Amino acid sequence: MGWIKVKTFSPLIFQSKLFCLSFFYLCTTLPFSIYVSLSQNQPNKCLFLSLPISPKSNDVFSYPSSYGEHKHALPSTRSDHCTSPIHFDDYKVVFEELQDLYKNLSMQNQTDLRYMNIGNGSSFSGNFSIETRMSFFNYSTDDPKEVPCGMMDRLPIKKQDLISMQKCTETVVISAVFNDHDKIRQPRGLASQTLSSFCFFLFLDSLTLQTLILHQILPPSPNPNSPLFLGVWRLVPLPTNQLPFSNPAMNGVILKHLTHRLFPNSKFSIWVDGKLQLTVDPVLLINSLLIKNGGDVAVGKHGVNRDVMEEAMATVRWRKWGDVEGVRAQMETYCEVGFEPWSTRKMPYTTDVPDTALIIRRHNLRSNLFSCLLFNELEAFNPRDQLAFAFVRDFMNPKININMFDVEVFEHVAIEYRHNLKKEVKMEGEVKGVKMGSSRDLIGSSCEKYLSKMWGE
């Protein structure tokens, strides 16, 4: 009995070598093409990146196309977009833990700072000499003394807005736009629980308010007796001619660094510069950047400079502040009282220069004292808070615990945009009058030792 040979034939289409090569090429390149195409449409440039999960609400506000709130985002410097530089816990668990923390803090008898009444002088925070300002750096609860921390009653805030601000007893997210310097942007990725429990306040001056009316985002004649909202933001208009400083940047740092005075009953705060748009729920930010490491303040590291003198040089070089002699006097003053460049002795801090566009605070004695002392330096010299930050951090007592997170974390939780372009570009310096902070003899230099250490000589 013989064997029967059976021949099997593949379809003719697979007998073509050209087709087989084409099919193999398609199978190997199509997934990569889809990956690249889709990832380019993602803000993080990565298709498979795991984002924090929270029960998101619907879009809070839609602007008219003419406003252009999403134009001119700055490019990210991150090289690896497919791994998260920060871990976020489950939203529901974190939210419940935060509520319990609120209750515990409410039951604790926390020591509050006592604030000095400056009087009716021209200065917002006293305009004290460096010797007097540094006398407040050592604070003891056993012998508490009044600390200069601004005259908040000089801010032209309506009574109804003040009442609402005092009702914020948990966490407040605060921002400000002056001189129409930035677009007003809505935070992204907010959970409904966050919207119902957090306060969102945005302060703006007359010019910014008029721009919103011009774009028909706000009505031409807002009711002065009704609260003004724009998406999540409760707007607080501040008439420009009634603000304490003629320079918009100085008015901005009042809101930026004296948040604990504006919202005296809040337990946490998140400052968001007008150029930023949050992309992560504030509940997750507070937990991951502040509560987990027991910090008093969380702020980002500067992306380039490590030493304050480097930042001072960049401030002058790029004309970020017009009073060049004032910047020099500030550095001379700090060197004279013993401020040193960064070194390993300042660990765990790896830099002296922050990026203060995003600041997360726990409103306690250390954090509040740090904010007051820092603002006093800004009034004495200029609103460039990167120049005074490490000076206050290093010299104040009790010591403050600051989480200075990496640039990659900052770029993961927020999008940074360029400022609005202006027809006339003016230097930001404000040199009217004599300030005690910069009224010293500039002959010679007290920073020779600082520079030698910074340059390793």
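Conventions and cut-offs
Residues numbered from 1 in each chain as written. Predicted model: local features only at pLDDT ≥ 70, side-chain atom pairs only at ≥ 80, totals over all residues. Heavy atoms only, no water. Helix = DSSP H or I, 4+ residues; strand = E, 2+ residues; numbered from the N terminus. Buried < 20%, exposed > 50% of the residue type's maximum accessible area, 1.4 Å probe, protein only. Contact = heavy atoms within 4.5 Å. Areas by Shrake-Rupley, 256 points an atom, 1.4 Å probe, with all protein chains shown as cover. Disulfide = S-S within 2.5 Å. Pairing = 2+ DSSP bridges. Axes fitted to C-alpha atoms, helices over the stretch in contact; angles between N-to-C directions. Polar contact = N/O pair within 3.5 Å; in protein donor to acceptor, adjacent residues only side chain to side chain. 1 Å grid on protein atoms, 1.4 Å probe; cavity = no way out; pocket = protein on both sides within 12 Å on 5 of 7 lines; lining within 4 Å. Points joined across faces, edges and corners; volume = space filled by probe spheres on them. Nonpolar A, V, L, I, M, F, W, Y, C, P; charged D, E, K, R; others polar.

**Regarding the overall build of the protein chain**
Of the regular secondary structure elements, the protein chain holds 15 helices and 12 strands. For the protein chain, buried positions account for 48% of its 457 residues. When contacts within the protein chain are restricted to residue pairs at least 6 apart in sequence, those whose partners lie at least 24 apart make up 85%. Counting only carbon and sulfur atoms, one obtains 55% of the accessible surface of the protein chain, whose full area is about 23,700 Å².

**Section: the state of the cysteines**
Scanning the entire structure with this criterion turns up 3 disulfides. Paired through a disulfide, Cys149 and Cys372 show a sulfur-sulfur distance of 2.1 Å. Its torsion about the S-S bond being -80°, the disulfide of Cys149 and Cys372 is classed as left-handed. Residue Cys149 is found in the loop between β2 (146-147) and α4 (159-166), and its partner Cys372 is found in helix α12 (residues 365-380); the two are separated by 223 residues along the sequence. The exposure classification of Cys149 matches that of Cys372, with both residues buried. The disulfide partner of Cys335 is Cys447, and the S-S distance across this bridge is 2.1 Å. Between Cys335 and Cys447, the S-S torsion sits near 100°, and that sign places the bridge as right-handed. Of the two residues, Cys335 sits in helix α11 (residues 324-336) while Cys447 sits in the loop between β12 (414-416) and α15 (448-454), which places them 112 residues apart along the sequence.

**Considering the sheet that holds strand β9 (residues 297-301)**
Across the sheet, 8 strands lie side by side as β5-β6-β4-β3-β7-β10-β9-β11; this open sheet has mixed pairing. Each end of this open sheet is capped by a strand with a single partner; those strands are β5 (228-230) and β11 (402-405). Between one strand axis and the next, the sheet turns through 25° on average, direction left out of account. Strand direction decides the pairing type here: strand β7 (residues 268-272) and strand β10 (residues 354-362), joined by 5 bridges, are antiparallel. Of the residues in β10, the one forming a bridge with Ser269 is Arg361. Those strands touched by helix α13 (residues 385-395) are β9, β10 and β11, and its axis lies near 140° from that of β11.

**A look at the side chain of Thr171**
Relative to the helices and strands, Thr171 is located in strand β3 (residues 171-177). Judged by its relative accessible area of 1%, Thr171 is buried. Of note is the side chain of Thr171, whose polar atom sits 2.6 Å from the side chain of Tyr102. Each residue touching Thr171, except ones within four places of it in the same chain, is listed here: Tyr102, Phe198, Cys199, Phe268 and Ile286.

**Some details on the layout of surface pockets**
A volume near 700 Å³ is recorded for the second largest pocket. Along its surface, the second largest pocket is lined by 28 residues, and His260, Phe263, Pro264, Asn265 and Ser266 are the ones closest to its centre. Elements supplying a minimum of two residues to the lining of the second largest pocket: α2 (91-107), α4, α8 (259-262) and α12. For the lining of the second largest pocket, a count of residues per class yields 11 nonpolar, 12 polar and 5 charged.

**Quick look at helix α10 (residues 308-317)**
If you check which residues of α10 are buried, you get Val308, Met309, Glu311, Ala312, Ala314 and Thr315. A positive backbone phi angle near 55° is found at Arg319, which sits one or two residues after α10.

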